[in-house]
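# Examining the three-dimensional arrangement
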Amino acid sequence: MGKKRITQLLEELKENQLQELHNSAAIYTVAQVAVNVLQQQSLQIDEQPIAALPANTPKLIDKAELLKQYGSYRACRQAAKKRGIKFSRTPSWEQLAAALSYADIFQQIIKSYVETYPHPKLKGITFEINIK
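The following refers to the structure shown. Keep in mind that what you see is a predicted model, and the values were worked out from it rather than measured. (Residues numbered from 1 in each chain as written. Predicted model: local features only at pLDDT ≥ 70, side-chain atom pairs only at ≥ 80, totals over all residues. Heavy atoms only, no water.)

### Regarding the overall build of the protein chain
- Counting secondary structure elements, the protein chain contains four helices and zero strands.
- For the protein chain, the α and β elements follow one another from N to C terminus as α-α-α-α.
- For the protein chain, the residues scored as buried account for 13% of the 132 residues in total.
- Put simply, the protein chain shows about 11,600 Å² of open surface, and 57% of that area lies on carbon and sulfur atoms. (Helix = DSSP H or I, 4+ residues; strand = E, 2+ residues; numbered from the N terminus. Buried < 20%, exposed > 50% of the residue type's maximum accessible area, 1.4 Å probe, protein only. Areas by Shrake-Rupley, 256 points an atom, 1.4 Å probe, with all protein chains shown as cover.)

Listed below in structure tokens is the structure:
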């Protein structure tokens, strides 16, 4: 190979390196823009409220209210059972009151969330939530 051919090949090599450098810069720029867009979308999703929580704390009912509403201890237990509330042992009036009060507020939170983020495949599904 002559000196002229070697010089020509070196020039082609330099041009190829320069072209690869430009291509790499273009790929990096596109990737960086994509990352920035994804980060911005992530921030927007994080800023959205999950669901509007009820403005006030749950109103705890007492034994008198339970008797007025359900008539007896047994009827309160049956109401709690219908709502999916289970006790590890026989509950006191205070436990019944707290459980039924919180069941109401949980229902409000869940309803608000489902209305905010509906999904048609959830129809007919029941959720059981354990509090330990």
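Next comes the rest of the write-up.
### Some points on a nonpolar patch on the surface
- The grouping of Leu-60, Tyr-102, Phe-106, Ile-110, Tyr-113, Val-114, Tyr-117, Leu-122, Ile-125, Phe-127, Ile-129 and Ile-131 at the surface amounts to a nonpolar patch, some 1,200 Å² of accessible area in total.
- Taking relative accessible area as the criterion, Tyr-113 reaches 38% and is therefore assigned partly exposed. (Patch = residues over 30% accessible without salt bridge, like charges linked within 9 Å, V, L, I, M, F, W, Y side chains within 5 Å. Salt bridge = Lys/Arg side-chain N within 4 Å of Asp/Glu carboxyl O.)

### Describing the packing of aromatic side chains
- Scanning the model with the defined rule gives three aromatic pairs in all.
- Look at Tyr-73 and Trp-93: their rings are 5.3 Å apart centre to centre, the planes differ by 75°, and that puts the pair in the edge-to-face class. In this pair, Tyr-73 sits in helix 3 (residues 73-82) while Trp-93 sits in helix 4 (residues 93-116), placing the two residues 20 residues apart along the sequence.
- Judged by its relative accessible area of 17%, Trp-93 is buried.
- Considering the side-chain rings of Tyr-102 and Phe-106, the 5.9 Å spacing of their centres and the 65° angle between planes classify their relative orientation as edge-to-face. With Tyr-102 and Phe-106 both in helix 4 and four residues apart, the pair spans about one turn of that helix. (Phe/Tyr/Trp six-rings, centres within 6.5 Å; stacked < 30°, edge-to-face > 60°.)

By themselves, these figures tell us nothing about what the structure is for.
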